[in-house]
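Listed here are the chains, written in short residue letters.
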Amino acid sequence: MRALVISGGGSKGAFAGGVAQYLMEQEKREYDMFLGTSTGSLLVPHLAVNKIGKLYDIFTNVQQHDIFSVSPFVQRKKGDREYVSIDFINSLWQFIRRKRTFGESKTLKKNIKKNFTQSEFNKIKETKHDVVITVANLSMNRVEYKSINDCSYEEFCDWIWISCNYIPFMSLAERNGHEYADGGLGSVIPIREAILRGATEVDAVVLEAENMDRQKVLGKNPFSLMLNLFGHLLDQNERNDILIGKLAAKNRGVKLNIYYTPTTLTENSLIFSKRLMEKWWQQGYDYGERKHSVV
């Protein structure tokens, strides 16, 4: 049984889309199981129904207002460099309203239901073994994996949204008396979970370079420094997930193929730029082609 696993990584998910397109269209890989965390959870349902063209259009056209109902960021451009800085007014308004996060992502929830239909949900249940979404249960301090086979359409869309909620910048969700957030807070790339669920071959797309190729520039204010700190912690989680996944694959005789980004794509994956995401999608496709031509 073959599984495709996609890590978290915000806008860098466009690179994973390109890799998946190459594997599915050129290498003719047919997957029984799909697992995703955060941005990976947005990709895997569309890949499971082989709607790659639709996914490309959705992913490369997404903007800040398609995600945030209250955005904590202002996107700026200086020369060729795009970056985000804090939106002090929105963040202050959140404090006044006694909210626990700097921003809200209710618009993303609406767009998930708009772009992923009930008929696509039904098709996955009929034709695929499983699609699994990673979420972090903060109340119980544990990672949970939500299978499409255990959910209604509404519930599954909710779990996709929850898996993407990068707190404290996006919404904190409550379900069944527990509070949930981005799956990357517990498992950035759920390779081991795919193996435990019966995968005998795993293609894992990791939205980070295997080795850091340049020195990071730390934020110049507490808000941007917080973004850097969260990124550092998620990077450490990711490395642990990969190590554990490799050990699980070795112990169970599972073939594991890992696709890293060839370079560091961006230091801020909360920038959603059509120009950059189109570029990253093509880079992912080219990287998949290059990797297999070498093999």
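Please refer to the structure higher up on the page.
Notes on the structure follow. Along each chain, residues carry numbers from 1 onward, in the same order as the chain's sequence is written. Selection of residues for local features in this predicted model requires a pLDDT of at least 70, selection of side-chain atom pairs for listing and counting requires 80 or more, and totals for whole chains, interfaces and linings are taken over all residues. Where side-chain values are given, they derive from all heavy atoms of the structure, hydrogens and water being excluded.

1. Looking at the overall build of the protein chain
Regarding its fold elements, the protein chain presents 10 helices and 10 strands. On C-alpha atoms alone, the protein chain measures out to a radius of gyration of 18 Å, which is about the 19 Å that the 2.2 N^0.38 rule sets for 295 residues. With respect to the three principal axes, the spread of C-alpha positions in the protein chain is 50 × 45 × 35 Å. Whether a residue is buried, partly exposed or exposed follows from its accessible area with a 1.4 Å probe, protein chains only, as a fraction of its type maximum: under 20%, in between, or over 50%, in that order. Counting the 295 residues in the protein chain, one finds 54% classified as buried. Split by element, the accessible area of the protein chain, about 14,000 Å² in all, is 50% carbon and sulfur. Secondary structure elements are taken from DSSP: a helix is a run of H or I of four residues or more, a strand is a run of E of two residues or more, and numbering for both begins at the N terminus. In this setup the radius of gyration rests on C-alpha atoms only. A globule is expected at 2.2 Å times the number of residues raised to 0.38. Accessible surface is estimated by sampling points in the Shrake-Rupley manner with a 1.4 Å probe; for residues, cover comes only from the protein chains shown.

2. Concerning the pattern of salt bridges
Criterion for a salt bridge: a side-chain nitrogen of Lys or Arg within 4 Å of a carboxyl oxygen of Asp or Glu. This model, assessed by the stated rule, comprises 14 salt bridges. Across the pair Glu208 and Lys12 runs a salt bridge, and its minimum N-O distance is 2.7 Å. Taken together, the residues span a long stretch of sequence, with Glu208 in strand E9 (residues 201-209) and Lys12 in the loop between strand E1 (2-6) and helix H1 (13-25) at a distance of 196 residues. Among the salt bridges present, the one from Lys109 reaches Asp158, with a minimum N-O distance of 3.6 Å. One end of the pair, Lys109, is in helix H5 (residues 106-115); the other, Asp158, is in helix H7 (residues 153-163), with 49 residues separating them in the sequence.

3. Focus on the environment of Val188
The topology assignment puts Val188 in the loop between strand E8 (178-182) and helix H8 (191-196). Separated by 88 residues in sequence, Val188 and Leu276 place their C-alpha atoms 22 Å apart. Contacts are assigned to residue pairs that have any heavy atoms within 4.5 Å of one another. With residues near it in sequence (within four places) discarded, Val188 still touches Ile6, Ser7, Gly8, Thr37, Leu234, Asn237, Glu238 and Asp241.

4. Observations regarding a nonpolar patch on the surface
Side chains of Leu92, Trp93, Phe95 and Ile96 sit close together on the surface and give an oily, nonpolar patch of about 480 Å² of accessible area. The residue Leu92 is located in helix H4 (residues 88-96) in this model. Patch definition: residues with relative accessible area over 30% and no salt bridge; like charges joined within 9 Å; nonpolar side chains (Val, Leu, Ile, Met, Phe, Trp, Tyr) joined within 5 Å.

5. Describing the packing of aromatic side chains
Within 6.5 Å between ring centres, the rings of Phe, Tyr and Trp (the latter by its six-membered ring) count as paired, and their orientation is classed by plane angle as stacked under 30 degrees, edge-to-face over 60, tilted in between. A complete count under the given rule lists 14 aromatic pairs for this structure. For the ring pair Tyr22 and Tyr285, a centre distance of 5.5 Å and an interplane angle of 90° mean the geometry is edge-to-face. Of this pair, Tyr22 sits in helix H1 while Tyr285 sits in helix H10 (residues 274-294), and the two are 263 residues apart along the sequence. Across the pair, Tyr285 and Tyr22 agree in class, each one buried. Here the aromatic rings of Phe116 and Tyr153 are separated by 6.3 Å at their centres, their planes lie at 35°, and the arrangement is tilted. Note that Phe116 is positioned in the loop between H5 and helix H6 (118-127) and Tyr153 in helix H7, a separation of 37 residues in sequence. When its relative accessible area of 1% is taken as the criterion, Phe116 is described as buried.

6. Some words on helix H2 (residues 39-48)
Burial analysis of H2 places 9 of its 10 residues in the buried class, which makes it a mostly covered element. Every buried residue of H2 is accounted for by Thr39, Gly40, Ser41, Leu43, Val44, Pro45, His46, Leu47 and Ala48. Immediately downstream of H2, the backbone of Asn50 shows phi near 60°, a positive value.

7. What to know about the environment of Val5
Mapping Val5 onto the fold places it in strand E1. As a C-alpha pair, Val5 and Ile189 span 184 residues in sequence and 7.0 Å in three-dimensional space.

8. Description of unusual backbone geometry
Ile167 connects to Pro168 through a cis peptide bond whose omega is 10°. The residue Pro168 is located in the loop between H7 and strand E7 (173-175) in this model. Located in the positive-phi region is Lys28, a residue other than glycine, with phi close to 55°. Here Lys28 is to be found in the loop between H1 and strand E2 (33-37). One non-glycine residue, Asn176, lies in positive phi territory at about 55°. Within the fold, Asn176 resides in the loop between E7 and E8.

Geometry only, nothing functional implied.
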